[in-house]
Amino acid sequence: MAKPNDKQLQMILEDMVIARTQAGRLWNLQRQGQVGTIAPIDGHEAAVVGAVHALEPESDWVLPQYREPLGLRRYGPEVLDTFMLYNLGHPAGGHIPDPVKVAPSQISLGASIPHAVGLAWGMSLKNESGVVLVFFGDGASSEGDFYEAGNLAGVLKAPVILFCINNQWAISTPTHLQTAADSFASKAEAFGIPGVTVDGNDPSAVYEAVFNARKRALNGKGPTLIEATVYRLGAHTTADDPTRYVPSDELSAAQEKDPVHAFIKDLTDRDLWSDTKQKEIETVALEIMDDAFEKAKNTPLSANSLMDHCFVSDTSRQLRQRSFLMESMGKSNE
Amino acid sequence: MSNKVSELSMLEAINETLHSEMARDERIVVLGEDVGRNGGVFRATEGLIEKFGESRVVDTPISEAAIAGSAVGLAMAGLVPVAEIQFLGFSYQAMHQIAGQIARLRYRTQSRFESQITIRAPFGGGVRTPELHSDSLEAQFANIPGLKIVLPSTASDAKGLLTSAIRDPDPVLFLEPLRGYRGIRDLVPDEEHIVPLGKANLIKKGDDVVIISWSYQVELSRRVAESLEGEGISAAVLDLRSIVPLDIEAISQIVSHCGRAVVVQEAPETGGFASEIIATINDECFWSLEAPVARVSGFDVPYPVGMLESLYVPDEARIRSAVLKTMENG
Ligand SMILES: Cc1ncc(C[n+]2csc(CCOP(=O)(O)OP(=O)(O)O)c2C)c(N)n1
Ligand SMILES: [Mg+2]
């Protein structure tokens, strides 16, 4: 079904509320100096959660940018567990365990888009049924990687969904300085693929757009570029001061359309949600986050991790560096 | 001219230099991501857009290849671009323009065109950034003929060297240590201040051993050298300031004088610029050496995540033990 049923709507809202609640906790942890730089998801919940609920975690891959992980609960608890390690700066934060089809956060903007195309292409070469959805921002769409990969995807008819979250900002750069095009979706025309603009504050609309793009891809018709329009409700990251550049009236107008609040109201009006349910989900959200954080903090880390995983086995120089490291650690313990 | 000085952080010195150079030369255009309204993610370009306007201070789309590539065109049009790459790790996206075009422009057009282009980029570790924000890539660029590479270690040098970089008719990659932005403060001349490119600075004299370095590692090397003073080791510190052009005479002179040398870099060991320094020492003054030249560097792995960073980045203890070992040798 192209539209989510009531049960799905409830699951989508659950995940949105969980993402929002956990984002608040994460922000506080960062402020207390317990985790590194955070890029809050606030304002993106409907776009991210709506999109992944139209995917099948068993067969479909998700390649995130960096703002999405808290919205990927549908892909299993491993995503949050790994994300908390990542936030601590633990090397295991890069390893989302098999068979979860989620790649770690991408810091190099746009760099995952060609990966997504290659992955989708490879899956079709191997006759595997499934699609790849890659998240990227309005800002990332200005990278050459986007144009090259979008073009390649069109030529190959790769089963990929290029999912652009237009949150109106790339750090301090507004969209009118990012592109002179009418929309980010309109760039699809040059790739010879469909481009769809969807209200990213409306999870059902996002679901439907991804559902259709997925169906199209699975039918061998190739990629779709989806632009979900949202508003970044928080700072770019914990290192950013948006009051320097975000007009306050624009922000308050966006807060009026807060996707989480709007969807709570919507489902409450339809008797699919309640205050009790809200409280219950918020409690669960914090419990699982605190658990994940505890687990992350208790994950051992040895100095050897610095040298591990560069190659399958060390080069002779790396072996020397490893023993040098161990030696100097020994010394500093004396 | 007055000889007045002010105590500034390296960041303030860079910002002040951009202001004074833009006021001096109206051909200068500053371009990059978030350099305008936001004043740069570190505030290095703060106040420029207010003072010089949107046509000279340009918030570009997130397109490093176009930032570097359009700088070539701006230079061909007779302007003087000062581009910012938000973090050096994102110069990879611009690499084909920097390496394949900017650096070669004079050579392939036999000086019909030149790239009076400055590319500023922060880099270096110690501040627990996300991936690709800390990588020390200077050696990769040093292997591209036609590109000058400048790495200040003090606020005063940041001003003097950036002034020279902007005025230099050839392209200059100007690398700013993240840890030094606010962590390094010193006295900076208020008036015009020029430090020529290619002149190393012997920031501490010494007779027994010289520590050769650049960028933030100079600061650590200086601390080590000063602490060794009390232990009867007279260690000199040579700040290269630029690795292209390289001050071969200064290296040769101080190494010949001390007979022992330690080279410190933050980058991985293999193919790092320290190797080039040691090869140069071999060429210039091998017979004056009393011990093999030691190297302190990062490890041959990608720049690691936050929890492993302190193991990776050379610190005072590692520099110190390399110096002591060099003193024992020979
Ligand atoms: C290749 C590259 N260039 C620059 C940066 C620095 N940077 C990090 S986030 C960001 C803005 C990204 O904006 P957008 O793609 O719209 O995503 P958003 O943060 O708005 O979700 C920039 C410029 C980077 N990470 N990668
Ligand atoms: Mg954006």
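Presented here is an overview of the structure given in this document.

How each quantity is defined
- Residues numbered from 1 in each chain as written.
- Chains lettered and ligands numbered in written order.
- Predicted model: local features only at pLDDT ≥ 70, side-chain atom pairs only at ≥ 80, totals over all residues.
- Heavy atoms only, no water.
- Contact = heavy atoms within 4.5 Å.
- Buried area = accessible area lost by both parts, 1.4 Å probe.
- Salt bridge = Lys/Arg side-chain N within 4 Å of Asp/Glu carboxyl O.
- Polar contact = N/O pair within 3.5 Å; in protein donor to acceptor, adjacent residues only side chain to side chain.
- Helix = DSSP H or I, 4+ residues; strand = E, 2+ residues; numbered from the N terminus.
- Phe/Tyr/Trp six-rings, centres within 6.5 Å; stacked < 30°, edge-to-face > 60°.
- Buried < 20%, exposed > 50% of the residue type's maximum accessible area, 1.4 Å probe, protein only.
- Donors = N, O, S within 2.8 Å, 3.2 Å for Na, K, Ca; no water.
- Pairing = 2+ DSSP bridges.
- Axes fitted to C-alpha atoms, helices over the stretch in contact; angles between N-to-C directions.

## Overview of the interface of chain A and chain B
And step 1. The partner chain B presents 36 residues to the 35 residues of chain A that form the contact.
And step 2. Both sides together, the interface formed by chain A and chain B hides about 3100 Å², and carbon and sulfur atoms give 57% of it.
And step 3. When the buried area of chain A at its contact with chain B is split by residue, A:I107, A:R244 and A:L306 rank highest and sum to 21% of it.
And step 4. A salt bridge links A:R244 to B:E46; its shortest N-O distance comes to 3.0 Å.
And step 5. Remark: the boundary between chain A and chain B carries 13 residue pairs in polar contact (both at pLDDT 80 or more).
And step 6. Elements with a minimum of two residues in the side of chain A that touches chain B: α6 (175-178) and α12 (316-333) of chain A.

## Re the packing of aromatic side chains
All names here are of chain B.
And step 1. Taken as a whole and judged by the stated rule, the model has 16 aromatic pairs over all chains.
And step 2. On the numbers, 6.1 Å between centres and 90° between planes, the contact of F87 with F90 is edge-to-face.
And step 3. The exposure class assigned to F87 is buried, which follows from its relative accessible area of 8%.
And step 4. Classification of F90 by relative accessible area gives buried; the value is 9%.

## With respect to the coordination of the magnesium ion (ligand 2)
Ideal geometry at a metal gives 109.5 degrees between four tetrahedral donors and either 90 or 180 degrees between six octahedral ones.
Residues and elements named next belong to chain A.
And step 1. Binding of the magnesium ion (ligand 2) to the protein goes through D138 (OD), N167 (OD1) and W169 (O), at separations of 2.1 to 2.2 Å.
And step 2. Mapping the donors of the magnesium ion (ligand 2) onto the primary sequence yields the spacing D-x28-N-x1-W. Placement of the pair is D138 in the loop between β2 (132-137) and α5 (144-156) and N167 in the loop between β3 (160-166) and β4 (169-170), with a sequence separation of 29 residues. The pair D138 / N167 is uniform in exposure class, with both members buried.

## Thoughts on the sheet that holds β2(A)
Residue and element names in this part refer to chain A.
And step 1. Spatially, the 5 strands line up as an open sheet ordered β1-β2-β3-β7-β6, and their pairing is parallel. Both outer strands of the open sheet, β1 (61-63) and β6 (195-199), are each paired with one neighbouring strand and no more. Looking at each pair of strands side by side, their axes are set apart by 20° on average, direction ignored.
And step 2. Inspection of the sheet shows β3 paired to strand β7 (residues 224-229) by 6 bridges, in the parallel sense. Note that in β7 the partner of I161 across the bridge is T224.

## A word on the environment of A:Y66
Residue and element names in this part refer to chain A.
And step 1. As for its placement among the helices and strands, Y66 is situated in the loop between β1 and α3 (77-88).
And step 2. Sequence separation between Y66 and V284 is 218 residues, and the spatial gap between their C-alpha atoms is 23 Å.
And step 3. Among all residues touching Y66, those that are not within four sequence positions of it are A39, S105, Q106, I107, L109 and H236.
And step 4. At 3.4 Å, the side chain of Y66 forms a polar contact with the side chain of Q65.

## What about the pattern of salt bridges?
All names here are of chain A.
And step 1. If you walk through the whole model with that rule in mind, you get 40 salt bridges over all chains.
And step 2. Among the ionic pairs, R20 bridges to D42, the shortest N-O distance being 3.6 Å. Placement of the pair is R20 in helix α1 (residues 6-31) and D42 in the loop between α1 and α2 (45-53), with a sequence separation of 22 residues. In terms of burial, R20 and D42 fall into one category: buried.
And step 3. R20 is the salt-bridge partner of E45, the closest N and O atoms lying 2.6 Å from each other.

## Here we look at the sheet that holds strand β6 (residues 148-150) of chain B
Residue and element names in this part refer to chain B.
And step 1. Within the open sheet, the 7 strands sit side by side as β3-β2-β4-β5-β7-β6-β12. Their pairing is mixed. The sheet is open, and its two edges are formed by β3 (57-59) and β12 (242-244), each paired on a single side. The mean inter-strand angle of the sheet, taken between neighbouring strand axes irrespective of direction, is 20°.
And step 2. Relative to strand β4 (residues 80-84), strand β2 (residues 28-32) runs parallel, the two being bridged by 5 bridges. Within β4, the residue paired with V29 across the bridge is P81.

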